[in-house]
Amino acid sequence: MTARLKIILSGLMVGQLGSLLVLFGNPVNMGVCVACFYRDIAGGLGLHQAGVVQYLRPEIAGFILGAFLISRMKGEFRVRGGSSPILRFVLGFFLMIGALVFLGCPLRMILRLANGDLNALVGLFGYIAGIYVGIQFIRKGFSLGRSVKQKTASGYTMPLFAIALLALLFARPAFIYFSTEGPGAATAPVWIALGAGLLIGGVLQRTRLCTAGGFRDAILIKDYHFLWGLVGIFIASLIGNVTYNLEFFNLGFEGQAIAHTSHLWNFLGMTLVGLTAVLLGGCPLRQTILASEGDTDAIITVVGMIAGAAFAHNFGLASSPAGPTFNGQIAVMIGFAVTIAIALSAVRSEVTIGKGVRSRG
Amino acid sequence: MEKTVCIMTFHATYHALGFEKVLKEQNIDVKLIPVPRDLSSSCGSAARFRCQDLSSVKALVDEYCIEVDELYEREEETDRPGLLDRILRKK
């Protein structure tokens, strides 16, 4: 099988599972959403008190365990890290703020688009704009630094976190929150959600599908390998939606599920996501996969995203179908300022490639 | 020798871009690609060039002090293009 066929098939699988999970009970246009699911987990753990988005989504545990198991089996579980962990935490934090102002991660953006939500098209333009800006920093020498080998125990953080989430989900202790209404109460059966998550985690560990990587490579090195995977997600989800979720299909801007129609903030929210994702070297889904195969820098990024989700709801930063909040708009602006400051600080302006100039990694 | 291609990997995309620029200035065929899956589970950028240019490339890497990670030599892709590839190329 050619590499291109593999990446397209993995995209088709993600898109199809995205639609199927809606059929089985997940919120409309949110069969899979990495940002939303971390936000739900933050809620389930009581890190924020937004009652409608609290659930320990088993899909996330599935992504982690699927990627962990397959990387172990293939000898690719390598524990490494030390590439600016705190900067990654901050970038992950603001990535989540941008995603929750738009209302979805880049994967959900594609799934929303495949269900006719044109607000996601505005988000897509913003995402590409953010990636384009991030690429300019990469061209100028941006790097968070090289990672090095870390203690093996660090690499088990994510699989143990996933097992703890599943244990709490099944045991339902009193201190874990479960939404009784809203998106957090719309859930596919646990075993189906977990199975879909395992499949996605395993396959994406093999194919490295990444929504940020797809656009980054297309713009930066004119390589369309990963972009084909994104086309696959869109096509399979579109087919799934018009086949068995047709009652929810709605082409236009108005009345979309868990979305708002503020073009400016849909655009800017996703611009912030694109910019932070390209600087981090991967979208939330890709960060989750990397974190599960021993990349401790990606683990810190995921922790940053969970913290961002908790703050987003505690401080009223997350948008709602009524639109973005004033606090959210301020937070996105702060996010741009902080992210650009980090990007500038990590551009090695003193190091240029040229005769006799020693370049450092 | 002509049947093999060389793949160079880097620690940072910036270095891959510099490598490409220097080689292109010297009219050496080079193409940036995602790191081949069998070499790494990471998703960074690598450079592909003809192994017959290897000695010139090594000299340029030294002369311009380009930081590189690993060099791989591999058989050129001899797989017959898949059905999808053929359909897409016909377009």
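Q: So what exactly am I meant to see when it comes to the overall build of chain A here?
A: On a plain count of helices and strands, chain A comes out with 14 helices and two strands. Taken along its principal axes, the extent of the C-alpha atoms in chain A is 65 × 45 × 45 Å. For chain A, with 361 residues in total, the buried portion stands at 60%. Nonlocal contacts in chain A, meaning residues at least 24 apart in sequence, comprise 81% of its contacts between residues at least 6 apart. Total accessible area computed for chain A in this model is approximately 13000 Å², and 69% of it derives from carbon and sulfur atoms. Side chains of chain A carry 26 positive and 13 negative charges; the gap between the two charge centres is 12 Å.

Q: Hey, could you run me through the sheet that holds strand β1 (residues 4–9) of chain B in this one?
A: The strands that make up a sheet pair up through hydrogen bonds in the backbone, lying either parallel or antiparallel. Residues and elements named next belong to chain B. Reading across the sheet, the four strands line up as β2-β3-β1-β4 and stay open at both edges, with antiparallel pairing between neighbours. Looking at the sheet topology across the chains shown, the edges are occupied by β2 (30–34) and β4 (71–75). Averaged over all adjacent pairs, the angle separating strand axes in this sheet is 30 degrees, with direction ignored. Direction of pairing for β1 relative to strand β3 (residues 45–50): antiparallel, over a ladder of five bridges.

Q: For this particular structure, what's the right way to read the pairing of β1(B)?
A: Within a regular strand, the side chains alternate between the two sheet faces. Residues and elements named next belong to chain B. Most of β1 sits out of view: six of its six residues are buried. As judged from the five bridges shared by β1 and β4, these two strands associate in the antiparallel manner. The residue bridging C6 from the neighbouring strand is E73, located in β4.

Basis of the calculations
Residues numbered from 1 in each chain as written. Chains lettered and ligands numbered in written order. Predicted model: local features only at pLDDT ≥ 70, side-chain atom pairs only at ≥ 80, totals over all residues. Heavy atoms only, no water. Helix = DSSP H or I, 4+ residues; strand = E, 2+ residues; numbered from the N terminus. Buried < 20%, exposed > 50% of the residue type's maximum accessible area, 1.4 Å probe, protein only. Contact = heavy atoms within 4.5 Å. Areas by Shrake-Rupley, 256 points an atom, 1.4 Å probe, with all protein chains shown as cover. Lys, Arg positive; Asp, Glu negative; His and termini not counted. Charge placed at Lys NZ, Arg CZ, Asp CG, Glu CD. Pairing = 2+ DSSP bridges. Axes fitted to C-alpha atoms, helices over the stretch in contact; angles between N-to-C directions.

Shape descriptors only; they carry no functional weight alone.
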